[in-house]
Number of protein chains: 2
Amino acid sequence: MEKVVKTAGDLEARYDCLRLENQLCFPLYACAKEVVRHYKPFLDALDLTYTQYITMMVLWEKKEMNVKEIGKNLFLDSGTLTPLLKKLESKGYIKRHRSKEDERNLIISITPEGEALKDEALNVPSEMSKCICLGREKTDQLYGLLYELLEEFDKAK
Amino acid sequence: MEKVVKTAGDLEARYDCLRLENQLCFPLYACAKEVVRHYKPFLDALDLTYTQYITMMVLWEKKEMNVKEIGKNLFLDSGTLTPLLKKLESKGYIKRHRSKEDERNLIISITPEGEALKDEALNVPSEMSKCICLGREKTDQLYGLLYELLEEFDKAK
DNA sequence: TACTATTATATTGTATGCAATCCTTTTTAA
DNA sequence: TTAAAAAGGATTGCATACAATATAATAGTA
């Protein structure tokens, strides 16, 4: 015979999937915020925000890029990057100028001041790794899983 | 004899720690944003943003909380929560009123409309898990590592 | 070659996030 | 029992994020 009357437990179970502790997204969201927050004191010393910091990071590797390329690297769009790049320019770390071959492209190039900042930033990663005391193995594991997830998202596009 | 003159390779190596691909934080930051972005279509149907959604989530579990408690659960402060809670109130999902025992506390309580929303939200987690196709085992692993990291941060406080 | 589609960036509007500060109420302590 | 400290929220200021739209330049095409 079928059970028709649901107990309180049955009703609760239906909603288990909506419990905060059963979400994968939430610890991801919370961790990301916490890590960025922990960067702040070190980045304050460089007069950079976290987003500005990772933008400088891609420019330290490749001295000239257009906005689109930077956006692809950082998963950011022009709505975020345009004002941010103007700010970095006002700080003297980058230059913005239109490409002569294709006027649509805004070329972002790093200045000597921007290059110099790289040396001041050298201690940031080591300071941060002191905050993320997860151990080498787990850190690597986490890193791998996150990039797998990112690739899944890329594939779905 | 000591090597004094540094090769280009040596110089590069010093800066390896500043490469975007060598950061743990970056995939964390990017994943979190991507996941939240994938929630959008499902949450749009409920007229909720992601932050509003997780706020409703804690209120679905515990019908009455003050702002401080909600903030502790979500890693958010009053600067974020105050306007967000006013918006949820204007949508009719919650009520805001001061505690009579301690006027400092603002009690947030869920309304019948807020409760009803829970049923409409039931399909969101399953739809989202279709997007996060990482496999059960890796998902669990990722979940575990993220909470470990969150606890590290909590300890450091 | 005009006309259309596409591409790259900029702008606008809405919603966070968080540090710093302020205001009120409550608690603590001298 | 008051003055000082602490606690809970609200406000302000700054910096993202991102969707949607606008604009200008280039590419593609009938």
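Predicted, not measured: the structure shown is a model, and the values here were computed from it.

Trainee: What am I meant to see in the pattern of salt bridges here?
Mentor: Note that side chains of opposite charge can pair when their charged atoms are close. Under the defined criterion, the tally for this structure stands at 26 salt bridges over all chains. Among the salt bridges present, the one from A:Arg14 reaches B:Asp119, with a minimum N-O distance of 3.9 Å. Pair noted here: A:Arg14 is in helix 1 (residues 8-14) and B:Asp119 is in helix 6 (residues 112-121), and the two residues belong to different chains. Accessibility expressed as a relative area gives 39% for B:Asp119, which makes it partly exposed. With a shortest N-O distance of 2.7 Å, A:Lys138 and B:Glu148 are connected by a salt bridge. Taken together, the residues A:Lys138 in helix 8 (residues 136-156) and B:Glu148 in helix 8 (residues 136-156) connect one chain to another. The exposure class assigned to B:Glu148 is partly exposed, which follows from its relative accessible area of 31%. Members of the salt-bridge network, linked through shared partners, are A:Arg19, A:Glu21 and B:Glu61.

Trainee: Quick question: what am I supposed to make of the protein's contact with DNA strand D here?
Mentor: Looking at DNA strand D, there are 30 residues lining it, with A:Thr49, B:Tyr29, B:Asn66, B:Lys68 and B:Thr82 nearest. Within 4 Å of the protein, the contacting atoms of DNA strand D are 78% sugar and phosphate, with bases supplying the remainder. The separation between a phosphate oxygen of DNA strand D and a polar side-chain atom of A:Gln52 is 2.8 Å. B:Leu106 places a polar main-chain atom, nitrogen or oxygen, 3.2 Å from a phosphate oxygen of DNA strand D. Elements supplying a minimum of two residues to the surface near DNA strand D: helix 3 (50-61) and helix 5 (78-90) of chain A together with helix 2 (25-44), helix 4 (67-74), helix 5 (78-90) and strand 2 (94-98) of chain B. Class assignment for the residues of the surface near DNA strand D results in 6 nonpolar, 10 polar and 14 charged.

Trainee: Help me out: how do you make sense of the protein's contact with DNA strand C in this one?
Mentor: Contacts to DNA strand C come from 30 residues, most closely from A:Tyr29, A:Lys68, A:Thr82, B:Thr49 and B:Gln52. Protein-proximal atoms of DNA strand C, defined as those within 4 Å of the protein, fall in sugar or phosphate at a share of 76%. The contact in question runs from a phosphate oxygen of DNA strand C to an N or O atom on the side chain of A:Arg96, over 3.0 Å. One of the side-chain nitrogen or oxygen atoms of A:Arg98 is found 3.1 Å away from a sugar or linking oxygen of DNA strand C. Those elements that provide at least two residues to the surface near DNA strand C are helix 2 (25-44), helix 4 (67-74), helix 5 and strand 2 (94-98) of chain A together with helix 3 (50-61) and helix 5 of chain B. For the surface near DNA strand C, a count of residues per class yields 6 nonpolar, 10 polar and 14 charged.

Trainee: Looking at this structure, I do not really get the packing of helix 2 of chain A against helix 7 (residues 124-131) of chain A. What am I missing?
Mentor: Geometry of a packed helix pair, given as the angle between the helix axes and the separation of the axes. All names here are of chain A. Viewed as axis vectors pointing N to C, helix 2 and helix 7 meet at an angle of 135°, and their least axial separation amounts to 10 Å. By the angle between their axes, helix 2 is oblique relative to helix 7. The element helix 2 and its partner helix 7 pack so that their crossing is right-handed. Listed contacts from helix 7 to Val35, His38, Tyr39, Phe42 and Leu43 of helix 2 are Val124, Glu127, Met128 and Cys131.

Trainee: Explanation requested: the interface of chain B and chain A in the structure shown.
Mentor: How large an interface is tends to be reported as the accessible area lost when its parts come together. Across the boundary between the two partners, chain B contributes 59 residues, which contact 59 residues of chain A. Of all residues in chain B, B:Leu18, B:Leu24 and B:Phe153 bury the most surface against chain A, accounting for 11% of the area lost on that side. Where chain B touches chain A, the interface holds 6 salt bridges. The interface formed by chain B and chain A holds 12 residue pairs in polar contact (both at pLDDT 80 or more) in total. Of all the secondary-structure elements, those providing two or more residues to the side of chain B that touches chain A are helix 2, helix 3, helix 4, helix 6, helix 7 (124-131) and helix 8 of chain B. The element best represented in the side of chain B that touches chain A is helix 2 of chain B, accounting for 15 residues. Class assignment of the residues belonging to the side of chain B that touches chain A gives a composition of 40 nonpolar, 6 polar and 13 charged.

Trainee: Whenever I open this one, the relation of the copies chain B and chain A confuses me. Can you help?
Mentor: Here the two chain copies are tied together by a rotation about an axis and a shift along that axis. By a simple turn and slide, chain B fits onto chain A: the slide is 0.0 Å along the axis, the RMSD is 0.0 Å, and the turn is 180°. In short, the pair behaves as if placed about a two-fold rotation axis. Of the interface residues in chain B, 100% have counterparts in chain A that sit at the interface too, so the contact is made through matching surfaces.

Trainee: Even after reading the chapter, I still don't get the packing of aromatic side chains, so can you show me in this structure?
Mentor: Centre-to-centre distance and the angle between the planes together describe a pair of aromatic rings. Scanning all chains against the criterion turns up 16 aromatic pairs over all chains. For the ring pair A:Phe26 and B:Phe75, a centre distance of 6.4 Å and an interplane angle of 45° mean the geometry is tilted. Here B:Phe75 lies in the loop between helix 4 and helix 5 and A:Phe26 lies in helix 2, a pairing that spans two chains. With relative accessibility at 3%, the residue A:Phe26 sits in the buried group. A relative accessible area of 22% means that B:Phe75 is categorised as partly exposed. An angle of 50° between the planes, with centres 5.2 Å apart, marks the rings of A:Tyr39 and A:Tyr50 as tilted. Placement of A:Tyr39 in helix 2 and of A:Tyr50 in helix 3 is noted, with a sequence separation of 11 residues between them. Across the pair, exposure class does not vary: A:Tyr39 and A:Tyr50 are buried alike.

Analysis parameters
Residues numbered from 1 in each chain as written. Chains lettered and ligands numbered in written order. Predicted model: local features only at pLDDT ≥ 70, side-chain atom pairs only at ≥ 80, totals over all residues. Heavy atoms only, no water. Salt bridge = Lys/Arg side-chain N within 4 Å of Asp/Glu carboxyl O. Helix = DSSP H or I, 4+ residues; strand = E, 2+ residues; numbered from the N terminus. Buried < 20%, exposed > 50% of the residue type's maximum accessible area, 1.4 Å probe, protein only. Near = heavy atom within 4 Å. Polar contact = N/O pair within 3.5 Å; in protein donor to acceptor, adjacent residues only side chain to side chain. Nonpolar A, V, L, I, M, F, W, Y, C, P; charged D, E, K, R; others polar. Axes fitted to C-alpha atoms, helices over the stretch in contact; angles between N-to-C directions. Parallel < 35°, antiparallel > 145°, perpendicular 65-115°, else oblique. Left-handed = near helix turned anticlockwise from the far one by under 90°. Contact = heavy atoms within 4.5 Å. Buried area = accessible area lost by both parts, 1.4 Å probe. Least-squares fit on C-alpha atoms with pLDDT ≥ 70 in both. Phe/Tyr/Trp six-rings, centres within 6.5 Å; stacked < 30°, edge-to-face > 60°.

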